Amino acid sequence: MILLSTPLTEIKGIGSSLAQKFSKLGLENVKDVLYYFPFRYQDFSQIVHINELEEGQIATVFGIIDTTKLYKTWKRKMWILECTIKDNAGSIKAIWFNQQFLASTLKEGLSVNLSGKVSLQGKKLIMQNPEYEIISSAHYNVKHTGKLVPIYPETKGITSRGIRFLVDKILPLIQDIPEFLPTEEMEQNDLMDLYSALLAIHSPTSLDEVKIAEHRFAFQDLFLLQLVNASKRVSMQREKSFAIKYDPNFIKKIFSHLPFELTLAQKKSLVDILEDLKKDHPTNRLLQGDVGSGKTIVSAISALVCAQNEKQTVFMAPTEVLAQQHYQTFKKIFSTQSQEEFLSCGVALLTSSSALAFFGDDLESKISKKDILKEIKSGRIKIIIGTHSVIQKTVEFKDLALVVIDEQHRFGVNQRHLLSEKKSLIKPHLLSMSATPIPRTLALTVFGDLDVSIINELPKNRKPIITKIVSQKDRQSAYAFIRKQIDSGRQAFVICPRIENIQTEEKKLSQRQMFQLDVKSVTEEYEKLSKKIFPDFKIGMLHGRLKSNEKEEIMRKFQDGKIDILVSTSVVEVGVDIPNASIMMIEGSERFGLSQLYQFRGRVGRGEYQSYCFLLSDLNSKTVFDRLKALITAKNGFELAQMDLKFRGPGQFLGEEQSGLPDIAMKAIQNPDLVQITKESAQKLINKDSTLTDYPYLSAYLKLFNQKIHLE
Ligand code: ADP
Ligand code: MG
C-alpha cells in the first residue's frame, strides 16, 4: 500500500535517477509531491480542428507529425525545431526555440496534442513553443494538453511537466487514502474529501472544483494550526507557575505617585495581566499598543506587583539603548514611590557590556557583575532588565514569576520560548509587547496560544504628528523650520540609513554598488549639520559601533537636553523615549520598511508639543512616493500594518524568523471566519480528546504539520 511517507523511489514508473533529482529539490515522498500545489491553471480544454484555429486563440489540436526540421540560425546561433502537424482538415506549423532535445521526441508519424496560443507568421498561422504530448493510444489520459493544465512554481529545475509526470504516476495509487479530518467537521463544514480534493487540485475538470478543493485545504491548514495551539494551551494548563496576588490598595498607591493618570486602555490591560498572574499555571499574553501608547508603565507595574510578592521579573529588550531606558524608568519609579515594600528590592541591568544594579534603599549602589548575579540567585534582586544574550546564558533566578518581552517582533519565536523553557519546574508567565500591530486574525492564527490585550488610545495630551514628504528643493526650508523649533526649546532626530560614508567604508565596491549604496551616512550628516547648517547648536551622533557606555552617555545627554540634534542610525528605532523631541527627520527614507518608519516617527510626539516628521528621499520615483504616503494616510498602526501587508506580503511582514507560515497567514487574512470556525472546532476536539487517541490519522497528520511549521 502506498503511504504519504512512501519515497518516490518505490513508486512504479518513477526511475531512481528522476526520484533522486527531485529529492535534491526537497520532493522526496508522496506527500511532498501531492502537496506541491499549482499556482495557476492553463485552460487548454478547447479542442478544435486545425482549420478552425484563429489568431490569438488558446487551444489544443490533435494531429500527426508530418515533417520535422532542426536547424541553427546562423546569426543568433539559436536552435530551432520546426514541425508541421496534420489532421484530416488541415495542417499547421509549430516552432520551438532552443529545445533541440525535443527533436528526439517529436518524430514524424507520431500522434500529438499541441496546446498553446496561435499566432501569425506572415500570412500563416503558427504555434510557438506549444505544450506537446505524444498520444500513444486511443485511451491515453492527457496530462499536459487538451484540458485544464496545472502550472506549478518552476524553481531550481522543477518543471511543470516534471511535476505533472510524478503526479500522474501517484494519483491513481492513492484512491484509498484515508480521510483524516473528523467526520463531524467534514459534514458540518461541507468539505471535499481528501482524495477528491487532491485530484481536483492536480487534475481538475473545472475551476469551480479547484475552489472547493482549495477551501478544503485552507480549512485543513488552519484547523491543524489551531489544534497545535489548542494542545499547547492544554499543556500550559498542566504546568505550574507562581500565582501572584495583587492588592488593589497597593496598585492605587503606585498610581498616586505617577506623574500622569493611566488611560482607560492602560488600566484594562493592566487588569488583564494581573488576572493572568493570579493563575497557578503559566499564561501567555501579547500586549499590543501603538507607539507611545504607554506599554512600559503597564508592564512595570506588573513587575512591581511580582516584587511585592517576593518574586522575580525579567525584562528583555531588543537593544542596549532600550534596556538602559527601562532601567532608568525603574529608577525614576523607585525614586518617587517611597514604598517601604521596596526597601530591600533590587533592580539590575545586564547587557553584553554593562552590569548595574540599585536597591530600594540605595539608588546609587556600586556593585560588581559577580555580586549582581549572586543577588539574582539569592532573590534580593527582583527585577532584571537586559538584552537577550546575557539573560539566556549566565543568569540563575531564584523564583522567576514573569518574563516581559519588549518589542517582541524583534525576537524570533524560538528565542521567545527559550526563556520560558529554562530548566525550572515552575514556569514564568509570559508577557510580550509590540508596537507593530498584527491584525487580529493574524495574531489569533499565528499566535493562537496567546491572549491579546490592546491599548487602543494614546495618552490625552498627544497631538497627531504632522508628516511631510520633503523634496530636495525644500530641504533648506526644512532646516529653517528645525532651527525655529530648537530655538523654542525643542530637540530633533535626524536618521540616516548608514553609519559611514561609503567611500571610506568599503573601498573595493564596483561603480554600480557605489551608486546603490550612495546613501546618507551618519558621520557625513553629522559633519554637515555641525559645521555648515547648525554650527551654533549642539549636535550628537549615535550608532551601533559606539561602545555601550558611549551610547548611554549620548542618550543621557539628549534626554537631559544637552544635545539639540541627534544624528543616528536605526538604533533609536525601537522604544526610545524623549518627550521634548518634536522633529523626526529621516534621510533616505525609501531604505526603511513602513513599520520601521512608523517606529521612528513614534520617537516624537510623546510629550505635549506638536511634533513633525520629515521624510526625505534621494529617489524621485512614484512607487517610493506612494509607499511613503501610506505613512501619512494611515490613521493608526493597524491600518499601516494592513498597507504594509499589501505592499510586501505576509511573509516579509511577519519576517521569516517570526514564522514559517506566510501561506497560512495569507489564508487567515483572507478568511477571518474560517479562523474563528477552526479555532472553535479545534478547541472542542482537544477538550474531548486531548491526545487525539481516537483520531490516529489526524494525529499522524498533525505531527507532519508540526514539522513543517517548526514553531517549536
Ligand atoms: P510605548 O508604548 O511605545 O512603549 P512608552 O511606554 O515608552 O510607550 O510611553 C511613552 C511615553 O508616554 C513615556 O514618556 C511615558 O512616561 C508616557 N506615558 C505613559 N502613559 C502615560 C499616560 N497615561 N499619560 C501621559 N503620559 C504617559
Ligand atoms: Mg516601548
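Our structure is the block above this text.
These notes cover the structure that comes with them. This one's a predicted model, so the numbers in the text were calculated from it and none came from an experiment.

## Concerning the sheet that holds strand β11 (residues 346-350)
Inference 1: If you walk across this open sheet you meet the eight strands as β12-β11-β13-β10-β14-β15-β9-β16, and the pairing is mixed. The strands lining the two open edges of the sheet, one partner per strand, are β12 (355-359) and β16 (451-455). With strand direction ignored, the average angle separating the axes of adjacent strands in the sheet is 15 degrees.
Inference 2: Where strand β9 (residues 284-289) and strand β15 (residues 429-434) come together, five bridges link them in parallel fashion. Note on β15: the bridge partner recorded for Asn284 is Leu430.
Inference 3: The strands that helix α11 (residues 369-378) touches are β10 (312-317), β11, β12 and β13 (381-387); relative to β11, the one it contacts most, it runs at about 130 degrees.

## Re the packing of aromatic side chains
Inference 1: Counting across every chain of the model gives 17 aromatic pairs.
Inference 2: Between the aromatic rings of Tyr35 and Phe37, the centroid separation amounts to 5.8 Å while the plane-to-plane angle is 15 degrees, which identifies the pairing as stacked.
Inference 3: What makes Tyr35 partly exposed here is its relative accessible area of 24%.
Inference 4: For Phe37, a relative accessible area of 26% puts it in the partly exposed group.

## Focus on the packing of helix α5 (residues 194-202) against helix α6 (residues 207-238)
The angle between the axes and the distance between the axes are what describe a pair of packed helices.
Inference 1: One can describe the packing of α5 onto α6 by two numbers: an axis separation of 8 Å at closest approach and a directional angle of 125 degrees. Here α6 runs oblique to α5, going by the angle between their axes. In this structure, the crossing between α5 and α6 has a hand that is left-handed. Here α5 contributes Leu194, Ala197, Leu198, Ala200 and Ile201 to the contact with α6, which in turn contributes Glu209, Val210, Ala213, Glu214, Arg216, Phe217 and Gln220.
Inference 2: Here the residues of the contact of α5 with α6 are counted per class, giving eight nonpolar, one polar and three charged.

## Regarding the pattern of salt bridges
Inference 1: Under the criterion given, the structure shown has 25 salt bridges.
Inference 2: Among the ionic pairs, Lys278 bridges to Glu275, the shortest N-O distance being 3.2 Å. Of this pair, Lys278 and Glu275 both sit in helix α8 (residues 264-278), three residues apart, roughly one helical turn.
Inference 3: For Glu275, a relative accessible area of 31% translates into the label partly exposed.
Inference 4: Its salt-bridge partner being Asp399, residue Lys398 comes within 3.7 Å of it at the nearest N-O pair.
Inference 5: Among the residues examined, Lys398 registers a relative accessible area of 53% and is labelled exposed.

## Concerning helix α9 (residues 295-308)
Inference 1: When the terminal C-alpha atoms of α9 are compared, their 20 Å separation across 14 residues agrees well with the 20 Å that a helix rising 1.5 Å per residue should span.
Inference 2: By the burial criterion, the buried members of α9 are Lys295, Ile297, Val298, Ser299, Ala300, Ile301, Ser302, Ala303, Leu304, Val305, Cys306 and Ala307.
Inference 3: Just past α9, the residue Glu310 takes up positive phi, approximately 65 degrees.

## Things to note about the site of ligand 1
Inference 1: As a structural note, the neighbourhood of ligand 1 is formed by 16 residues, with Gly292, Lys295, Thr296, Arg462 and Asp577 the closest of them.
Inference 2: Separating an oxygen atom of ligand 1 from a backbone N or O atom of Gly292 is a distance of 2.6 Å.
Inference 3: Taking Lys295, its side chain carries an N or O atom lying 2.8 Å from an oxygen atom of ligand 1.
Inference 4: In isolation ligand 1 offers 570 Å² of accessible surface; the protein chains occlude 87% of this area.
Inference 5: Residue composition of the shell around ligand 1, by class: four nonpolar, six polar and six charged.

## Quick word on the pairing of β13
Inference 1: Counting buried residues in β13 gives seven out of seven residues, a clear majority hidden from the surface.
Inference 2: Bridging between β10 and β13 involves five bridges; their strand directions are parallel. Across the sheet, the residue bridging to Ala317 is Thr387, located in β13.

## Overview of unusual backbone geometry
Inference 1: The phi torsion at Lys77 lies on the positive side, around 55 degrees, for a residue other than glycine.
Inference 2: Structurally, Lys77 can be placed in the loop between β2 (58-72) and β3 (79-87).
Inference 3: When its relative accessible area of 58% is taken as the criterion, Lys77 is described as exposed.
Inference 4: Within the chain, Leu692 stands out as a residue other than glycine whose phi angle is a positive 55 degrees.
Inference 5: If you trace the backbone, Leu692 turns up in the loop between α24 (672-688) and α25 (696-709).

## Digging into the pairing of strand β19 (residues 539-542)
Inference 1: Pairing between β19 and strand β20 (residues 565-568): four bridges, direction parallel. Looking at β20, one finds that Met541 is bridged to Val567.
Inference 2: For the handedness criterion, the β-α-β arrangement of β19, helix α19 (residues 548-559) and β20 is classed as right-handed.

## Thoughts on α8
Inference 1: A rise of 1.5 Å per residue sets the reference length of α8, with its 15 residues, at 21 Å; its end C-alpha atoms lie 21 Å apart and thus fit the reference within 8%.
Inference 2: Buried within α8 we find Ala265, Gln266, Ser269, Leu270, Ile273, Leu274, Asp276 and Leu277.
Inference 3: Buried residues along α8 sit in contact with α7 (248-256), β9, α9, β14 (400-405), β15 and β16.

## Describing the sheet that holds strand β22 (residues 612-616)
Inference 1: In space, the six strands of this open sheet follow the order β17-β22-β21-β18-β20-β19, with parallel pairing throughout. For this open sheet the edge positions go to β17 (466-470) and β19, each flanked by a neighbour on one side alone. With strand direction ignored, the average angle separating the axes of adjacent strands in the sheet is 20 degrees.
Inference 2: By the bridge criterion, five bridges tie strand β18 (residues 491-495) to strand β21 (residues 581-586) in an arrangement that is parallel. Counterpart to Phe493 in the pairing with β21 is Met584.
Inference 3: Strands in contact with helix α18 (residues 522-533) are β18, β19 and β20; relative to β19, the strand with the most contacts, it is inclined by about 175 degrees.

Analysis parameters
- Residues numbered from 1 in each chain as written.
- Chains lettered and ligands numbered in written order.
- Predicted model: local features only at pLDDT ≥ 70, side-chain atom pairs only at ≥ 80, totals over all residues.
- Heavy atoms only, no water.
- Pairing = 2+ DSSP bridges.
- Helix = DSSP H or I, 4+ residues; strand = E, 2+ residues; numbered from the N terminus.
- Axes fitted to C-alpha atoms, helices over the stretch in contact; angles between N-to-C directions.
- Contact = heavy atoms within 4.5 Å.
- Phe/Tyr/Trp six-rings, centres within 6.5 Å; stacked < 30°, edge-to-face > 60°.
- Buried < 20%, exposed > 50% of the residue type's maximum accessible area, 1.4 Å probe, protein only.
- Parallel < 35°, antiparallel > 145°, perpendicular 65-115°, else oblique.
- Left-handed = near helix turned anticlockwise from the far one by under 90°.
- Nonpolar A, V, L, I, M, F, W, Y, C, P; charged D, E, K, R; others polar.
- Salt bridge = Lys/Arg side-chain N within 4 Å of Asp/Glu carboxyl O.
- Expected span 1.5 Å × (residues − 1).
- Near = heavy atom within 4 Å.
- Polar contact = N/O pair within 3.5 Å; in protein donor to acceptor, adjacent residues only side chain to side chain.
- Areas by Shrake-Rupley, 256 points an atom, 1.4 Å probe, with all protein chains shown as cover.
- Right-handed = clockwise from strand over helix to strand, strands pointing away.

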